[in-house]
Structures are given as C-alpha cells and as structure tokens.
Amino acid sequence: MKPQFEIKENKEGKFEVYYVEQKGKIFKKEVLKPFITWSGIDEVYAFSSIDIAIKELKQEVIKQTEKV
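Note that the coordinates shown come from a computational prediction; the quantities given were computed from them, not determined experimentally.

Enquirer: Would you mind showing me how to read the pairing of strand S2 (residues 15-23) here?
Expert: The side chains of a regular strand alternate, residue by residue, between the two faces of the sheet. As paired elements, strand S1 (residues 4-9) and S2 share 6 bridges and run antiparallel to each other. Note that in S2 the partner of Ile7 across the bridge is Val17. Linking two consecutive strands that pair antiparallel, namely S1 and S2, is a turn of 5 residues; a positive phi of about 85° is found at Gly13 within it. In the sheet, S2 pairs with strand S4 (residues 46-47) via 2 bridges, with the strands oriented antiparallel. Bridged to Phe15 within S4 is Phe47. The pairing of S2 with strand S3 (residues 29-34) spans 6 bridges and is classified as antiparallel. Opposite Gln22, over in S3, you have Glu30 as the bridge partner. Hairpin geometry of S2 and S3 is characterised by an intervening segment of 5 residues between the two adjacent antiparallel strands and by a positive phi of about 90° at Gly24.

Scoring rules and cut-offs
Residues numbered from 1 in each chain as written. Predicted model: local features only at pLDDT ≥ 70, side-chain atom pairs only at ≥ 80, totals over all residues. Heavy atoms only, no water. Pairing = 2+ DSSP bridges. Helix = DSSP H or I, 4+ residues; strand = E, 2+ residues; numbered from the N terminus.

Below, the structure written as structure tokens:
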C-alpha cells in the first residue's frame with residue numbers, strides 16, 4: 001500500500017503536511033500524524049502556500065526514500 005499524505009489549511013491560512021496512518025483491522029480509521037515538523041519538535045510546520053507545501057512534501061519523500 002502506498003503512503004498517503006494530506007495537506008490541510010490551518011486557521012491562519014497556512015498549509016500543514018500530514019501522513020495518513022490507517023488504524024484498525026475491521027473498522028479502518030484514519031489518523032493524521034505530522035509529517036513535516038519543526039526540527040526536533042513533533043509540531044507540524046506551516047507553509048505560507050500550498051505550492052510550497054507540495055514542493056516540500058516531494059523533497060521530504062525523496063529524502064526519506066533515499067535513506068532506505
């Protein structure tokens with residue numbers, strides 16, 4: 001199964017990137033985990049535009065894929 005990501009707009013009009021994690025075997029529940037966070041903190045980073053959020057998501061996926 002391919003990883004899923006979701007970009008959400010926050011109250012300030014900025015965009016945050018989340019990893020969608022599937023929980024449960026019978027009743028599937030989606031849980032959003034911060035994917036791009038502040039360095040060393042488990043708090044999601046907010047981007048000023050959706051284009052920047054998409055670009056950063058692509059770069060982060062490539063970076064994490066190359067480690068494997």
